[in-house]
Amino acid sequence: MDRAIAQGKDLSAQTEAIRARILDVLSRMPWDGVEFKHAIPGLSLYRVVEPAGPFSSVYEPSLSMIIKGSKRISVGDETLVYDEACFFLTAIGLPMTGQICAASEGEPYVAAMLRLDLERLRRLIADYDIQPSDTRERDRGIVVGAATPELFDAFLRLISLAATPSDIPFLAGHIQNEILYRLLSGEQGARLRRFALAGTNSNRVAKAVAWLKENYTLPLRVEDLADMANMGVSTLHHHFRAMTAMSPLQFQKHLRLHHARELMLSGSLDAASASLRVGYESPTQFSREYRRMFGHPPLRDIRAILNSDESIRRNSVG
């Protein structure tokens, strides 16, 4: 553990100058109190000046880099904490809970998230036969890896395109290819390659995950899901849990609860209506499972989130 901490500090020191340049570029970009506005496709940039969360969402395949600060992510029974020394990668869409524990005007949380284009990833693998470094096989759909100077330098060049929009159509794709190359040839490249290519257990489970995301409101028979993934039921359970930290039924429940929370936060539905919309037959069961996951009954939880968001907006300045 002490060695890992020392390695993280060393990596942060190596990237400090690059991250300072990214912060300088961001300081000249429009900011709405949370997110920077720009025209670079697939890229989201955030600056938060107050502790935030826990907040839940269904993450899409993406790469996140923290320029300043740290973040806690929980998925299933696993919790990860990452900071400027790490990148956070999810290769499949997963319901997660995130929290920014420390942030202020003087020490804001600043981060970048790049959506992963899996078709682009497959083309790179096919065209250039990129060979990943050797790594122990572990098929969890999320990973924290080393944020190298090369990765941060590519993000600096990508973010800098915001100042020259006419360069974006030509250069953004090339830089995103470079970022994918860095991931594929790095310590987590073997795992990313398995997710991208057809025929592997990771890819089969990814198909099952994709179906659940599209059909989470429907009744679930695990036997049907296993047939869809061309796997036995016990094999599907084993690899599904290895990838998502949940069973298929738990995954469906997480999806339903996360989406119900989004519906209530939008103000369009009350708790009972939201529970029915996402597939629950019993509002009582929904309230019980909602409280177990998020810590409070639906109405109290939504009020707390809305009050917290209003506080952040009120106290944020560009």
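Residues numbered from 1 in each chain as written. Predicted model: local features only at pLDDT ≥ 70, side-chain atom pairs only at ≥ 80, totals over all residues. Heavy atoms only, no water.

Another point: the packing of helix α7 (residues 222-229) against helix α8 (residues 233-244). Here α7 crosses α8 at 85 degrees, and the two axes come no closer than 9 Å. What the angle tells us is that α7 and α8 run roughly perpendicular. Of the residues in α8, those touching α7 at Val222, Glu223, Leu225, Ala226 and Ala229 are Val233, Leu236 and His237. Within the contact of α7 with α8, the residues separate by chemical class into 6 nonpolar, 1 polar and 1 charged. (Axes fitted to C-alpha atoms, helices over the stretch in contact; angles between N-to-C directions. Helix = DSSP H or I, 4+ residues; strand = E, 2+ residues; numbered from the N terminus. Parallel < 35°, antiparallel > 145°, perpendicular 65-115°, else oblique. Contact = heavy atoms within 4.5 Å. Nonpolar A, V, L, I, M, F, W, Y, C, P; charged D, E, K, R; others polar.)

Proteins that are soluble and globular tend to have nonpolar side chains buried together. With 95 residues, the main nonpolar core has Leu43, Leu158, Ile179 and Leu236 as its most contacted residues. In this view, Leu43 contacts His38, Ala112, Met113, Leu114, Phe155, Leu158 and Ile159; residues no more than four positions away in its chain are not counted. (Core = buried A, V, L, I, M, F, W, Y, C linked by side-chain atoms within 4.5 Å. Buried < 20%, exposed > 50% of the residue type's maximum accessible area, 1.4 Å probe, protein only.)

If you walk across this open sheet you meet the 5 strands as β1-β8-β3-β6-β9, and the pairing is antiparallel. Of all the strands in the sheet, the pair left with one neighbour each is β1 (43-48) and β9 (142-146). Strand-to-strand, the axes of this sheet are offset by a mean angle of 20 degrees, without reference to chain direction. Where strand β3 (residues 62-68) lies against strand β8 (residues 109-115), 6 bridges are found, and the strand directions are antiparallel. When the bridges of β8 are listed, Leu63 appears paired with Leu114. Most of the contacts of helix α3 (residues 149-160) go to β3, to which it runs at about 90 degrees, and overall it touches β1, β3, β6 (86-90), β8 and β9. (Pairing = 2+ DSSP bridges.)

On to the confidence of the model for the chain, then. This prediction gives the chain a mean pLDDT of 86; 89% of its residues lie at or above 70. Throughout residues 1-6 the model reports pLDDT below 50, and contacts reaching past four residues in sequence, or to other chains, amount to 0 contacts. Low pLDDT, under 50, characterises residues 314-318; the predicted model gives this stretch 11 contacts beyond four residues in sequence or across chains. (pLDDT = per-residue confidence, 0-100.)

All right, on to helix α4 (residues 168-185) then. Across its 18 residues, α4 extends 25 Å between first and last C-alpha, which sits within 8% of the 26 Å expected from 1.5 Å per residue. Those residues of α4 that fall on the buried side of the exposure criterion are Ile168, Ala172, Ile175, Gln176, Ile179, Leu180, Leu183 and Leu184. Packed against the buried residues of α4 are β3, β6, β8, α2 (118-128), α3 and α5 (189-196). (Expected span 1.5 Å × (residues − 1).)

With respect to the helices, strands and loops of the structure, Asp301 is situated in helix α12 (residues 298-315). Not counting residues up to four positions away in its chain, the partners in contact with Asp301 are Arg261, Tyr290, Phe294 and His296.

By rolling a water-sized probe across the atoms, one finds the places where empty space is left. Applying the stated criterion across every chain yields a total of 2 cavities of 30 Å³ or more. Computed from the structure, the largest cavity encloses a volume of approximately 50 Å³. Lining the largest cavity are 11 residues, and of these Leu89, Ala91, Val143, Arg191 and Phe195 sit closest to its centre. Every element with two or more residues in the lining of the largest cavity is listed here: β6, β9 and α5. Considering each element in turn, the lining of the largest cavity owes the most residues, 3 residues, to α5. Tallied by class, residues from the lining of the largest cavity come to 6 nonpolar, 3 polar and 2 charged. Reported here for the second largest cavity is a volume of approximately 30 Å³. Forming the walls of the second largest cavity are Leu114, Arg115, Leu116, Asp117, Arg120, Gln176 and Leu180. Only β8 and α4 provide two or more residues apiece to the lining of the second largest cavity. Grouping the amino acids of the lining of the second largest cavity by side-chain chemistry returns 3 nonpolar, 1 polar and 3 charged. (1 Å grid on protein atoms, 1.4 Å probe; cavity = no way out; pocket = protein on both sides within 12 Å on 5 of 7 lines; lining within 4 Å. Points joined across faces, edges and corners; volume = space filled by probe spheres on them.)

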